[in-house]
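# Secondary and tertiary structure notes
Here is how the chains run, residue by residue.
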Amino acid sequence: MAYFYLEQFPNARAWCLARSAYTRSLAVSSLVGYLVGLGDRHPQNILLHQSSGELVHIDLGVAFDQGRLLPTPEMVPFRLTRDLVHALGPLGLQAGFVPTAEVVLAGLRTGSDVILTLLQVLLHDPLYSWSLSPAQLCALEVRRAELQVAKSACGTVLLDQTNLLGDSILDKDRMNVTKTILGSTTSVLDTMIVGRMDRGQTREPVNQLAERVLIGVRSKLEGRVTGSLASSSDGNPAGCGGLDQLDVAGHVGLLVRAATDPANLSRMYFGWQAYL
């Protein structure tokens with residue numbers, strides 16, 4: 001990727017500014033993506049701004065560590081493959097990326113109260129994709145299938161009753177009346193189905209899921225690591241404020257090691273293209 005900057009910014013000053021912008025954007029997007037659990041960072045979802053040289057991330061649908069729940073779990077906290085490191089220059093990660101990442105993480109920890117307050121909305125107004133579990137979606141599909149059968153039966157009855165009126169009503173008008181009645185019935189029944197599910201067991205699982213997300217974000221802000229990151233700490237107590245609790249420098253160092261560990265990269269999904 002370093003050749004992109006040499007070709008796109010032939011002027012020395014422009015090249016230096018573009019690579020500095022790239023380094024800062026890589027550090028910011030990596031740390032913020034780690035905080036919100038952003039996944040699915042294959043090369044097609046990371047673009048380069050041709051004017052400024054900054055990274056631009058798209059397709060942010062896999063968030064809050066949902067990438068770890070995929071059939072092939074994502075094992076790295078963010079994408080930091082050889083191609084991205086190569087664009088940093090001969091000094092690699094230690095020259096610009098790591099110091100910038102430490103500043104970003106320190107800023108996130110300073111504003112942790114604001115971040116957690118904004119995420120509190122997940123407890124009170126959950127996203128629609130979280131409000132229905134797979135089992136509830138199946139139940140909704142079954143009920144809508146039953147509704148479709150009821151609509152067919154209702155349509156037959158309405159057509160039979162309409163035929164009794166004689167030829168004074170045209171076929172087109174007759175079908176419009178039937179569709180209007182059936183559409184109103186569908187809307188009412190759909191509202192009843194969703195309302196019944198909301199009054200049932202929907203609200204509590206959603207709140208539990210949102211609480212788990214908030215706990216995960218809070219743990220990251222406090223420097224507490226779990227899972228594969230905890231196993232990557234090698235039992236080194238330096239920089240730790242407690243059990244698996246790291247200061248800013250130790251936390252960034254652990255994330256960089258986990259993101260560049262060949263053992264983690266080798267377990268990624270092939271389409272993620274960890275070899276680049």
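Here, every reference points to the structure presented above.
What comes next is a walk through the structure. Only a predicted model underlies this, so the values are computations on that prediction, with no experimental measurement involved.

Calculation criteria
- Residues numbered from 1 in each chain as written.
- Predicted model: local features only at pLDDT ≥ 70, side-chain atom pairs only at ≥ 80, totals over all residues.
- Heavy atoms only, no water.
- Helix = DSSP H or I, 4+ residues; strand = E, 2+ residues; numbered from the N terminus.
- Buried < 20%, exposed > 50% of the residue type's maximum accessible area, 1.4 Å probe, protein only.
- Contact = heavy atoms within 4.5 Å.
- Areas by Shrake-Rupley, 256 points an atom, 1.4 Å probe, with all protein chains shown as cover.
- Phe/Tyr/Trp six-rings, centres within 6.5 Å; stacked < 30°, edge-to-face > 60°.
- Lys NZ or Arg CZ within 6 Å of the ring centre and 35° of its normal.
- Expected span 1.5 Å × (residues − 1).
- Arc of directions from axis to C-beta.
- Axes fitted to C-alpha atoms, helices over the stretch in contact; angles between N-to-C directions.
- Parallel < 35°, antiparallel > 145°, perpendicular 65-115°, else oblique.
- Left-handed = near helix turned anticlockwise from the far one by under 90°.
- Nonpolar A, V, L, I, M, F, W, Y, C, P; charged D, E, K, R; others polar.
- Salt bridge = Lys/Arg side-chain N within 4 Å of Asp/Glu carboxyl O.
- Core = buried A, V, L, I, M, F, W, Y, C linked by side-chain atoms within 4.5 Å.

## Focus: the overall build of the chain
Secondary structure summary: the chain contains 12 helices and 4 strands in total. Expressed as a percentage of its 276 residues, the buried residues of the chain come to 37%. Of all intrachain contacts in the chain linking residues separated by at least 6 positions in sequence, the fraction that spans at least 24 positions is 73%. As displayed, the chain has an accessible area near 16000 Å², and 61% of this comes from carbon and sulfur atoms.

## A look at the packing of aromatic side chains
Per the stated rule, a full pass over the model turns up 5 aromatic pairs. Relative to F9, the ring of F4 has its centre 6.5 Å away and its plane inclined at 85 degrees; by these criteria the two rings are edge-to-face. On the basis of relative accessibility, which here comes to 22%, the residue F4 falls in the partly exposed class. F9 gets classed as buried once you look at its relative accessible area, which sits at 9%. Joined through ring pairs, the aromatic side chains of F4, Y5, F9 and Y22 make up one cluster. Here R79 stacks its cationic end above the ring of W272, 4.4 Å away from the centre of that ring. Sitting above the plane of the Y34 ring, K220 keeps its charged end 4.9 Å from the centroid.

## Considering the environment of P262
Relative to the assigned elements, P262 resides in helix α12 (residues 262–265). Its relative accessible area of 60% is what places P262 among the exposed residues. Distance from P262 to T81, taken between C-alpha atoms, is 9.7 Å for residues 181 residues apart in sequence.

## Looking at helix α4 (residues 97–110)
Compared with the 20 Å implied by 1.5 Å per residue over 14 residues, the 20 Å span of α4 between its first and last C-alpha is a close match. Regarding α4, the residues found buried are F97, V98, T100, A101, V104, L105 and L108. Summarising the axial view, the buried residues of α4 lie within an arc of 160 degrees, below the 170-degree limit, and thus occupy one face. What points out from α4, more than 90 degrees from its buried face, is the exposed set V103 and T110.

## Notes on the packing of helix α2 (residues 12–35) against α4
Put simply, α2 and α4 touch, their axes get as near as 9 Å, and they point 45 degrees apart. With respect to α4, the element α2 is oriented oblique. For the crossing formed where α2 meets α4, the hand is right-handed. Residues T23, R24, L26, A27, V28, S30, L31 and L35 of α2 lie in contact with α4, whose contacting residues are F97, T100, A101, V104, L105 and L108. Here the contact of α2 with α4 is composed, by residue class, of 10 nonpolar, 3 polar and 1 charged.

## Describing the pattern of salt bridges
According to the stated counting rule, one finds 2 salt bridges in the structure shown. Of the charged contacts in the structure, one is a salt bridge between K220 and D65, with a shortest N-O distance of 3.1 Å. Residue K220 is found in helix α9 (residues 171–222), and its partner D65 is found in the loop between β2 (55–57) and α3 (82–86); the two are separated by 155 residues along the sequence. Assessed through its relative accessible area of 9%, K220 is described here as buried.

## Things to note about the nonpolar core
Counting 41 residues, the largest nonpolar core has Y22, L26, L80 and F97 as its most contacted members. Elements that contribute at least two residues to this core include exactly α2, α4, α5 (112–119), α6 (121–124), α9 and α11 (248–260). Of the residues forming this core, the biggest block, 7 residues, is contributed by α2. Once residues within four sequence positions are removed from consideration, L80 is found in contact with L26, V85, L93, F97, V256, A259 and T260. The next biggest cluster of nonpolar side chains, apart from the first, holds 6 residues, and it includes M75, L265, M268 and W272.

## Description of the environment of I46
The topology assignment puts I46 in strand β1 (residues 46–48). For I46, the residues in contact, after removing those within four places along its chain, are R41, L55, V56, H57 and R79.

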